[in-house]
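A closer look at the structure
So the chains spell out like this:
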Amino acid sequence: MTCIWNKIFSNNINQFKSRFPNLYEILKNDIENIKSLLENSAENSESKDAQENLKILNSIFSFWEFCNAKSGAVTVKENGIFLHSAYNPEREAQNLFDGIKSKNSQEISEASDDENTFIFAGTGLGYAPIEFARRAKDDLFIIIEPDPGFLFASMCTLDWTPIFNLEKCVIITQTMPDKIFPLLEKLCSLKKAKVITQNSLTKHQEAWFKSFFTLLERNKVKDEININTLERFSSLWLKNSAKNISYFKTCPGISIYENMLDKKIPSLVVAAGPSLEKTIPYLKELEKRMVIICVDTAVKALLKNDIHPDFVLLVDPQYNAATHILGQDLSSSCLVTESSVYPAVMHLKTRKKVFIESLFPLGRYFETNLLSQKSFGKITAGGSVATSCWEFAKYIGSEKIYVTGLDLGYPEKKTHIRGSTFEEKSHAKSTRVKPAENNLCSILFNATNEKALNFKNSEIITDSKMKLFAWWFESQIAKENEKKKNGSDFAETFTLCEDGLKIPGMQVITCDELILLPEKLDEKIQFIKKAENTEPDFNEADFDRIYENLCSLLDELLSEAKKGLDICKKILKEPAAIAEKKAAAQFETLNKIDSYIMTSSAKTVASLVFPSERQLETLLSEEPVQKSKILLNITRSKVIYASLIDSIRKYQKYL
């Protein structure tokens, strides 16, 4: 004999195995254990007594208290709190769907042509996803339950067939929150997704879900921030990139340094936080023992103390960022930068200049064509130049990475090291009625500031932005620790600034301990010299050929866009009835033009200054209203062709 729960579970698991075979194999042992418990239960009989049947579930899944709702349906409590209605959980799920549908009728209408995305964060017994699956069969469902035990408890209780019958469904379990988002970003627009959750459904994994929701909010605003940044700075990036193009002839990528240290020499990342003052007296000794990698804002402070970093990183294209190093003697340093950097930076006297993999289309075009689709060397962006320095230290092969000046807060109510660009600018702008101290106070007493703990477990003032950078370091260190557990190559990270914001996983070490390390100055010099003598993979003739080819492609793209624009303008000049006929007659020609544009390698280059979707909608709203769908499409095409022409002309102006 088999109990009712075993029948439900077996039916669900058979469908689960068929629908998600890989996930089934990962969780197979857990599934077999639950099957065994169900089959061997002391109460394993088809008892008609509801309470007796519920005892089986309560004995297996002790984290919940199973009971019957007033309607007769099964509901559960967790720590005495109902996860679903104590009266009618099925009706509760129906009302939830109706409420969301009513609130967002245009977005969630069952008749809508657009795909909706529902993210269920915590499932409980599964009433909500099951009800939504019955009524929104064409939408994308993402079910997130970090603990598979809770997932299987629901599969013992309710029939999940509506979920398994969905065409588009993803179940995510037994993974870390940060690993989820690359997948989610590929599946859907997180900003538009509907997240279905409640506090009681996430209490069992409170820390996990807290991290998940934090990352979710960051990802939701990330696209908006990226669009705003693109609209504001795209012309600057284009102008800078075009002016710096000729440097591709002489500047190699950071790939010449990849793994050059072979774990034999550590690196020291120097940021511009106030705690750097305590480290500077030791740097003369430390540079004999490790590679010094400096953020742009700390350069002046180091040079004033006759310390010449091995590498200086500057990747921000704005003029304000360039002022941190303009006018400085970097003849002993290699400048690691991006091809869209402020052009005056490229005139600085340096030991060497190298590019990282370009963040923008024009640089990427030259990079991939010069290197036959290879990269100059990628550094993952973490939001600050300090995170880029850490990535670079790992990239060049340091097994141990030390950081100083990375305070991510205001220890002793200081904002930057004395002599940094920030402090000098504050004093330069200082007046009798607005002294430099006012600038400091405006930062320290900013409304967004908050208190946190430093490595000594004392209070420190910080803010949400710096806590985000701290989280980035925490997540990267966690990844390195996972590599260590798996026996893979990994890098350890240590801080010299115990007054800074505490970062879990980052170890504290003192300068006194570091100066006891063996000197490796000669070895460091040889490693760097060997890397910098690497022959480039291309020559000036290659650059000239690629440059001429791009100019030719842009000319051709411009010509095709003009043809398309001319056709659209002529159609839209006619009365509606005639215009529709002419539009139908020109569709084949317009499709050929669109096909050429979409397959042109110059299209990606031009995309940098092409209007965002938001800007295109604004431009479209300025056009005469079209009642006909066919003429609306022609109007949209006209706006796109005109925008493309404008983008290409901007490139041609600077190239």
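Residues numbered from 1 in each chain as written. Predicted model: local features only at pLDDT ≥ 70, side-chain atom pairs only at ≥ 80, totals over all residues. Heavy atoms only, no water.

Re the pattern of salt bridges
Counted under the stated rule, the structure contains 32 salt bridges. Notably, a salt bridge pairs K278 with D499, separated by 2.5 Å at the nearest N-O pair. Remark: D499 occurs in the loop between β16 (492-495) and β17 (507-508) and K278 occurs in helix α13 (residues 276-286); sequence separation between them is 221 residues. Among the residues examined, K278 registers a relative accessible area of 48% and is labelled partly exposed. (Salt bridge = Lys/Arg side-chain N within 4 Å of Asp/Glu carboxyl O. Helix = DSSP H or I, 4+ residues; strand = E, 2+ residues; numbered from the N terminus. Buried < 20%, exposed > 50% of the residue type's maximum accessible area, 1.4 Å probe, protein only.)

Remarks on unusual backbone geometry
Here the phi dihedral of N79 falls at roughly 55°; this positive angle occurs in a residue that is not glycine. Secondary-structure assignment places N79 in the loop between β2 (74-78) and β3 (81-82). Its identity as a non-glycine residue notwithstanding, Q174 has a phi of 55°, on the positive side. Within the secondary structure, Q174 sits in the loop between β6 (169-172) and α10 (177-187). You can call Q174 partly exposed: its relative accessible area is 45%.

Side note on the sheet that holds β3
Across the sheet, three strands lie side by side as β1-β2-β3; this open sheet has antiparallel pairing. Each end of this open sheet is capped by a strand with a single partner; those strands are β1 (65-68) and β3. Taken together, the two bridges between β2 and β3 define a ladder with antiparallel strand orientation. Residue pairing for β3: K77 is matched across the bridge by F82. (Pairing = 2+ DSSP bridges.)

Some details on the side chain of S85
Tracing the chain through its elements places S85 in the loop between β3 and α5 (89-103). Residue S85 is classed as buried on the basis of its relative accessible area of 16%. From its side chain, S85 meets the backbone nitrogen of N88 in a polar contact 3.0 Å long. Once residues lying within four places of it in the same chain are set aside, the contact partners of S85 are A69, T75 and E92. (Polar contact = N/O pair within 3.5 Å; in protein donor to acceptor, adjacent residues only side chain to side chain. Contact = heavy atoms within 4.5 Å.)

A short note on the pairing of β16
Going residue by residue along β16, you find E492 and F494 tucked away on one face and T493 and T495 tucked away on the opposite face as well. With four bridges joining them, strand β13 (residues 400-404) and β16 adopt parallel strand pairing. Of the residues in β16, the one forming a bridge with Y402 is F494. Two strands pair when backbone bridges link them, and β16 and β17 are joined in this way by two bridges, in the parallel orientation. If you follow T495 over to β17, its bridge partner there is V508.

Brief notes about the environment of V385
Along the chain, V385 turns up in helix α17 (residues 385-395). For V385, a relative accessible area of 19% corresponds to the buried category. In this structure the C-alpha to C-alpha distance between V385 and L313, which are 72 residues apart in sequence, comes to 7.0 Å. Excluding residues that lie within four positions of it along the chain, V385 makes contacts with V295, D296 and L313.

As for the sheet that holds strand β7 (residues 194-196)
Adjacent strands of a sheet form backbone hydrogen bonds with each other and so pair up, either parallel or antiparallel. Taking strand neighbours across the sheet as the criterion, the four strands line up as β6-β5-β4-β7 in an open arrangement whose pairing is parallel. The open sheet has two free edges, formed respectively by β6 and β7, since each of these has just one partner strand. The mean inter-strand angle of the sheet, taken between neighbouring strand axes irrespective of direction, is 15°. Where strand β4 (residues 117-121) and strand β5 (residues 140-144) come together, five bridges link them in parallel fashion. (Axes fitted to C-alpha atoms, helices over the stretch in contact; angles between N-to-C directions.)

A word on the nonpolar core
Ranked by internal contacts, the top residues of the largest apolar core, which has 123 residues, are Y257, F311, F366 and F392. Looking at this core, the element that brings in the most residues is helix α23 (residues 540-573), giving twelve residues. Not counting residues within four places of it along the chain, the set of residues in contact with Y257 comprises F311, C334, R351, K352, V354, F392, Y395, I396, A531 and E532. F16, L23, Y24 and I34 belong to the second largest nonpolar core, which has 53 residues in total. (Core = buried A, V, L, I, M, F, W, Y, C linked by side-chain atoms within 4.5 Å.)

A short note on the packing of helix α26 (residues 613-621) against helix α27 (residues 629-654)
The N-to-C vectors of α26 and α27 enclose an angle of 120°; their axes lie 10 Å apart at closest approach. By the criterion of interaxial angle, the relationship of α26 to α27 is oblique. As α26 packs across α27, the resulting crossing turns out to be right-handed. Side by side, α26 and α27 meet where L616, E617, L619 and L620 of the first sit next to T635, R636, V639 and S643 of the second. (Parallel < 35°, antiparallel > 145°, perpendicular 65-115°, else oblique. Left-handed = near helix turned anticlockwise from the far one by under 90°.)

With respect to the pairing of strand β14 (residues 449-453)
Pairing of β14 with strand β15 (residues 459-463), which is carried by five bridges, proceeds in the antiparallel orientation. Bridge pairing links E450 to T462 in β15.

As for the packing of aromatic side chains
Taken as a whole, this structure holds 38 aromatic pairs when the rule is applied. A ring pair is formed by F63 and W64, whose centres lie 5.3 Å apart and whose planes are at 75°; its orientation type is edge-to-face. Since its relative accessible area comes to 29%, F63 is described here as partly exposed. The rings of F248, F355, Y365, F366, F376, F543 and Y547 are connected pair by pair, giving a single aromatic cluster. The positively charged end of R351 is found above the aromatic ring belonging to F311, 5.6 Å away from the centroid. (Phe/Tyr/Trp six-rings, centres within 6.5 Å; stacked < 30°, edge-to-face > 60°. Lys NZ or Arg CZ within 6 Å of the ring centre and 35° of its normal.)

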